[in-house]
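# Structural description and commentary
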Amino acid sequence: MKVALFGTKPYDEQFFTEANENYNHELLFLEPHLSEKTAILAQDATAVCVFVNDEVSGDTLKILAEQGVKLIALRCAGYNNVDLETAKELGIKIVRVPAYSPHAVAEHAIALILTLNRKIHRAFYRVREGNFALNGLLGFDLYGRTVGIIGTGNIGYITGQILSGFGCKVLAYDPYPNESFSNFGEYVSLDELYARSDIISLHCPLTEENRHLINETSITKMKPGVMLINTSRGGLIDTKAVITGLKSKTIGYLALDVYEKESDLFFEDLSNEVIEDDVFQRLLTFPNVIITGHQAFFTEEALTNIANTTLSNITEIETTNTCKNLVQ
Ligand code: NAD
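All of these numbers come straight from a predicted model, not from anything done at the bench.

Once the domains are mapped, the protein chain shows domain 1 (2–100 + 299–320) and domain 2 (102–291). Using only C-alpha atoms to locate each centre, domain 1 and domain 2 end up separated by 30 Å. Each partner contributes residues to the interface: domain 1 has 13 residues there, and domain 2 has 9 residues. If you sort the residues of domain 1 by the area they bury against domain 2, Lys-9, Asn-53 and Asn-80 come out on top, with a joint share of 46%.

Encoded structure:
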């Protein structure tokens, strides 16, 4: 099948080209993100491959359908950026990569927790400048602390398992509990999780129902000084409410790998540009905030799995007209 891959970087081209030796699709690598304006670049491709920040809106889908596109292959797990209803009306199938390396994301969440707690981000620069003072670098033992995991699917499960290994008490909230999670963790209500957790880590998908799950009201239910980690989707957090929480010290630490307005920023080198997002810039002024640019998935294993599963999904649709990774 001819596949137009939007929003590609050199690493996408490398991993997809290597994986395609086993699939032989015709791959067209495009740098621009998919949007109404760029959809025309898909030319005569039958499938379009997109990532988290491509805009797969109804209008974009209509333009693609007119060009003969029959399949959107997401090279990611989440599909909150796709207008599923319009896709269905147009007869365009959507496939995704449900799990490519839950370990990659879980391990990044742990890296953020450890960095924030032991202030590695600050120690790194201090030592380079010959400042070996410890003032301001005080951390706490993870052992014995209570961690709340929101969403115990592939990633949340592993994050809970790792933290249990550190000797943390692991609480969780998920509307669809996973029985084996109870081997090391305890399901509680969301309010109880907020009230008891020293660290809260988000691992649920973004839906219309849980947009701004972390807001002014939920923050007031949390332990003063709580550590909040989001490696899931930016829209789960009301950023302005979190800034107020940081200023009042209700939130003691914040780490984000995702941000609600990230599509204007992430994955690009903007080091010579003026960043106009004042909310994002305010976040960067706090010593107890770390932001990474949606890199939690970014391991060799994950990129290999993403490329293989995406190309295999396309082959499955081409040969059987259905796919186990179809988004319904
Ligand atoms: P998953 O589908 O395996 O698990 C999601 C879990 O969340 C499910 O158990 C579901 O029941 C639960 N859930 C749904 N709504 C909920 C709610 N309102 N409150 C609590 N739990 C809820 O997904 P996963 O593979 O574990 O991925 C989790 C999320 O991580 C994805 O949705 C995606 O947004 C994000 N992600 C981020 C990166 C990254 O690089 N930062 C990479 C991959 C995935």
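Okay, the environment of Asn-215 next. When you line up the elements, Asn-215 lands in the loop between β9 (199–202) and α8 (216–220). Note on Asn-215: relative accessible area 24%, which makes it partly exposed. When the C-alpha positions of Asn-215 and Thr-231 are compared, they lie 17 Å apart, and in sequence the two are 16 residues distant. The residues touching Asn-215, leaving out its near neighbours within four places in the chain, are Asp-238 and Ala-241. At 3.0 Å, the side chain of Asn-215 and the backbone oxygen of His-212 are in polar contact.

Pairing within the open sheet is parallel, and its 7 strands lie in the order β8-β7-β6-β9-β10-β11-β12. Strands with a single pairing partner mark the edges of an open sheet, and in this sheet they are β8 (185–187) and β12 (289–291). Between one strand axis and the next, the sheet turns by 20° as a mean value, whatever way the strands run. Relative to the sheet, helix α4 (residues 102–118) contacts β9, β10 (226–230), β11 (251–256) and β12, its axis offset from that of β10 by approximately 145°. In the packing of helix α9 (residues 239–247) onto the sheet, contacts are made with β10, β11 and β12, and the angle to β11 comes to roughly 140°.

Moving on: the UniProt feature "domain: D-isomer specific 2-hydroxyacid dehydrogenase NAD-binding" (unreviewed entry) in the protein chain. Look at the UniProt record and you will see "domain: D-isomer specific 2-hydroxyacid dehydrogenase NAD-binding" (unreviewed entry) annotated at residues 110–296. Taken end to end, residues 110–296 is 30% helix and 17% strand, and its first and last C-alpha atoms sit 10 Å apart.

Okay, the packing of aromatic side chains next. One pass over the full model with this rule turns up 12 aromatic pairs. Geometrically, the ring pair formed by Tyr-259 and Phe-280 is tilted, given 5.1 Å between the ring centres and 55° between the ring planes. In this pair, Tyr-259 is assigned in the loop between β11 and α10 (278–283) and Phe-280 in helix α10, connecting sequence segments 21 residues apart. Just as Tyr-259 is buried, Phe-280 falls in that class too. Three or more aromatic residues joined by ring pairs form one cluster here, namely Tyr-11, Phe-51, Phe-267, Phe-297 and Phe-298.

Around the ligand, the surrounding shell holds 24 residues, and the nearest of these are Tyr-100, Asn-154, Ile-155, Asp-174 and Thr-231. Between the ligand and Phe-297 there is a distance of 3.1 Å, counted from an oxygen atom to a backbone nitrogen or oxygen. Bound to the protein, the ligand loses 84% of the 870 Å² it would expose on its own. Residues belonging to the shell around the ligand are distributed by class as follows: 12 nonpolar, 9 polar and 3 charged.

Moving on: the sheet that holds strand β5 (residues 93–95). Spatially, the 5 strands line up as an open sheet ordered β2-β1-β3-β4-β5, and their pairing is parallel. Edge positions in the sheet fall to β2 (26–29) and β5, since each of these pairs with one other strand and no more. Taken over all neighbouring pairs, the strand axes of this sheet differ in orientation by 20° on average, direction set aside. Bridge analysis of strand β1 (residues 2–5) against β2 gives 4 bridges, and the strand direction is parallel. Across the sheet, residue Lys-2 finds its bridge partner in β2, namely Glu-26. Sitting on the sheet, helix α1 (residues 10–20) is in contact with β1, β2 and β3 (47–50), with an inclination near 175° to β2.

What counts and what doesn't
Residues numbered from 1 in each chain as written. Predicted model: local features only at pLDDT ≥ 70, side-chain atom pairs only at ≥ 80, totals over all residues. Heavy atoms only, no water. Domains from an automatic or database assignment. Contact = heavy atoms within 4.5 Å. Buried area = accessible area lost by both parts, 1.4 Å probe. Helix = DSSP H or I, 4+ residues; strand = E, 2+ residues; numbered from the N terminus. Buried < 20%, exposed > 50% of the residue type's maximum accessible area, 1.4 Å probe, protein only. Polar contact = N/O pair within 3.5 Å; in protein donor to acceptor, adjacent residues only side chain to side chain. Pairing = 2+ DSSP bridges. Axes fitted to C-alpha atoms, helices over the stretch in contact; angles between N-to-C directions. UniProt positions renumbered as here; feature names shortened; annotations may be inferred. Phe/Tyr/Trp six-rings, centres within 6.5 Å; stacked < 30°, edge-to-face > 60°. Near = heavy atom within 4 Å. Areas by Shrake-Rupley, 256 points an atom, 1.4 Å probe, with all protein chains shown as cover. Nonpolar A, V, L, I, M, F, W, Y, C, P; charged D, E, K, R; others polar.

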